Amino acid sequence: MELFEQLASKIKGKGVRLVFPEGADIRIQQAATRLAAEALVEPVLLGDEATIKETAQLEGLDLQEIKIIDPEKYPETAMNEMIDALVTRRKGKTDAVTAAKWLTDVNYFGTMLVYMGLADGMVSGATHPTGDTVRPALQIVKTKPGVSRISGAFVMQKGDQRYIFADCAINVDVDAQTMAEIAIQSAQTARVFDIDPRVAMLSFSTKGSAKAPQVDKVVEATKLAKQAEPTLAIDGELQFDAAFVGQVAAAKAPQSTVAGKANVFIFPDLQAGNIGYKIAQRFGGFEAIGPVLQGLAKPISDLSRGCNAEDVYKVALITAAQALA
Ligand SMILES: CC(C)(COP(=O)(O)OP(=O)(O)OC[C@H]1O[C@@H](n2cnc3c(N)ncnc32)[C@H](O)[C@@H]1OP(=O)(O)O)[C@@H](O)C(=O)NCCC(=O)NCCS
Ligand SMILES: CC(=O)OP(=O)(O)O
């Protein structure tokens, strides 16, 4: 069964409540109506009800079955409870005035619905940049036990080829420890998507071909990841061609058991990761699904602003499956 059919069969009829803060966006509405019609998700759209319905009507979409919450008209008692919960969660870092201000932002409001258990997950980022989408989750939902940094992976898919790229979305620069943690998290993400992970720690150098502090970081990260998970198939530092192409691997890293056959690619910083996935997507014709946020305590997913309704639908399936995991 194809990946998204598998996810759909897992979540169908389970009543997973996903909040979509960008309720007036047509791509969100198209995905939400499809998810509701297929009984995969119970979508909750945030925003001004009249605007949301006007957009839907123009596109001929029927939102009868879909819940809409206008944060501006949220009942006063419920809003006060939300402010209190946010202030308590922030443990002295955020006062009630700031909390009330934050909650005028749909991403904070949606994140609080998830944090308070009033929704099971959230999908946003079709119109908001990643920072604005994920910051509330980093501040409020925070990491799962045992994880120190959240990161963003993409599932890159074309035909029967499927790979994981990370971090392509969150950590602007990483030290060796964080890069090692991202590698381990990404191997776990790979298993969720039926990929048996072989992890390449990417660099502009292969096995000492160049000397620079940036290369040392990748070597150190590889060592730390191996120490943390000795059975994981992981190697570095590797250039992308050595990681991916058998012939190049034979020349550049003949001793490596990962080189030439890697399927999980860990980038040394966000410049490389974000540029890398977009090149594979736009030149290489790969579908880029994600970013799938790794390490959050509750599922909140970001979208690329370049997404279409199909991307929103797929990210929603992943988010709903994470909510049931
Ligand atoms: C994600 C991002 C917005 C966080 O930046 P920020 O808001 O300036 O982060 P701060 O350092 O102020 O931290 C805010 C909170 O989030 C937490 N946080 C930040 N990054 C985190 C991470 N990777 N994992 C876990 N927590 C994190 C901090 O600990 C802090 O928590 P606190 O308020 O409880 O102390 C920022 O790293 C960013 O812009 N990344 C790039 C996003 C992007 O544009 N990607 C490309 C497109 S996908
Ligand atoms: C993931 C990503 O690059 O997002 P955006 O295109 O919205 O910046």
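Conventions used here
- All residue numbers refer to position in the chain's written sequence, counted from 1.
- All chains are assigned letters beginning at A, and all ligands numbers beginning at 1, according to the order in which they are written.
- Residue-level local features of this predicted model are given only where pLDDT is at least 70; pairs of side-chain atoms are given and counted only at 80 or more, and the full residue set underlies all totals for whole chains, interfaces and linings.
- By convention in this description, side-chain values take in all heavy atoms of the structure and omit both hydrogens and water.
- One heavy atom within 4 Å of a molecule or strand is enough for the residue carrying it to be called near that molecule or strand.
- A 3.5 Å cut-off defines polar contacts: any pair of N or O atoms within that distance qualifies, except that in protein one atom must be a possible hydrogen donor and the other a possible acceptor, and neighbouring residues in sequence count only when both atoms are side-chain atoms.
- Only runs of H or I of at least four residues qualify as helices and only runs of E of at least two qualify as strands under DSSP, and these elements are numbered from the N terminus.
- Side-chain classes follow a simple rule in which Ala, Val, Leu, Ile, Met, Phe, Trp, Tyr, Cys and Pro form the nonpolar group, Asp, Glu, Lys and Arg form the charged group, and the remainder, Gly included, forms the polar group.
- UniProt positions are given in the numbering used here, feature names are shortened, and annotations may be inferred rather than shown by experiment.
- Exposure categories follow from relative accessible area, calculated using a 1.4 Å probe and restricted to protein chains: below 20% of the type maximum is buried, above 50% is exposed, and the middle band is partly exposed.
- The rule for pairing is simple: two strands pair if DSSP sees at least two bridges between them.
- For the accessible areas, the method is Shrake-Rupley and the probe is 1.4 Å, while residue cover comes only from the protein chains on display.
- Pairing of aromatic rings covers Phe, Tyr and the six-membered ring of Trp, with a centre-to-centre limit of 6.5 Å; geometry is then stacked below 30 degrees between planes, edge-to-face above 60, and tilted otherwise.

This brings us to the site of ligand 1. The full set close to ligand 1 counts 18 residues, and Lys93, Arg135, Lys142, Ile150 and Ala169 are the nearest of them. Contact distances for ligand 1 include 2.9 Å between a nitrogen atom and a side-chain N or O atom of Asn171. At the level of elements, helix H7 (130-141) and helix H12 (270-282) are the ones that each hand at least two residues to the shell around ligand 1. Looking at the shell around ligand 1 element by element, the count peaks at six residues for H7. Residues that form the shell around ligand 1 fall into these classes: seven nonpolar, six polar and five charged.

A few words now on the UniProt feature "domain: Phosphate acetyl/butaryl transferase" (unreviewed entry) in the protein. Taking the UniProt record as the reference, the feature "domain: Phosphate acetyl/butaryl transferase" (unreviewed entry) is found at residues 4-320. Between the C-alpha atoms that bound residues 4-320 the distance is 12 Å, and the span itself is 45% helix and 17% strand.

Turning next to the pairing of strand E5 (residues 151-158). Taken across its eight residues, E5 has seven buried, putting it largely inside the fold. Strand direction decides the pairing type here: E5 and strand E10 (residues 287-294), joined by six bridges, are antiparallel. Its bridge partner being in E10, Met156 is matched across the sheet by Ala288. Bridge count for E5 against strand E6 (residues 161-166) is six bridges, and the pairing is antiparallel. Of the residues in E6, the one forming a bridge with Met156 is Tyr163.

Taken together, Thr130, Phe154, Asn274, Tyr277, Lys278, Pro291, Ser304 and Arg305 form the complete shell of residues around ligand 2. Here an oxygen atom of ligand 2 sits 2.9 Å away from a polar atom, N or O, in the main chain of Arg305. In isolation ligand 2 offers 260 Å² of accessible surface; the protein chains occlude 87% of this area. For the shell around ligand 2, the leading source of residues is H12, giving three residues. Counted by class, the shell around ligand 2 contains three nonpolar, three polar and two charged residues.

For the rest of this paragraph, the subject is the packing of aromatic side chains. Considering all chains together, one arrives at 11 aromatic pairs under this definition. Consider the rings of Phe165 and Phe265, whose centres lie 5.6 Å apart with planes at 80 degrees: the pair is edge-to-face. With Phe165 in strand E6 and Phe265 in strand E9 (residues 264-266), this residue pair connects regions lying 100 residues apart in the sequence. The exposure class assigned to Phe165 is buried, which follows from its relative accessible area of 6%. The exposure class assigned to Phe265 is buried, which follows from its relative accessible area of 0%. Ring geometry for Phe240 against Phe265: centres 5.0 Å apart, planes inclined by 40 degrees, an arrangement best described as tilted. Here the residue Phe240 occupies a position in helix H10 (residues 240-244), and Phe265 occupies one in strand E9, the gap between them amounting to 25 residues. Linked through ring pairs, Tyr163, Phe165, Phe240, Phe244, Phe265, Phe267 and Phe286 together constitute an aromatic cluster.

So, on to the pairing of strand E4 (residues 121-124). Going residue by residue along E4, you find Gly121 and Val123 tucked away on one face and Met122 and Ser124 tucked away on the opposite face as well. Looking at chain direction, strand E1 (residues 17-20) and E4 are connected through two bridges and run parallel. Counterpart to Val19 in the pairing with E4 is Met122. In the sheet, E4 pairs with strand E11 (residues 300-302) via three bridges, with the strands oriented parallel. Looking at the pairing, Val123 lines up with Ser301 of E11.

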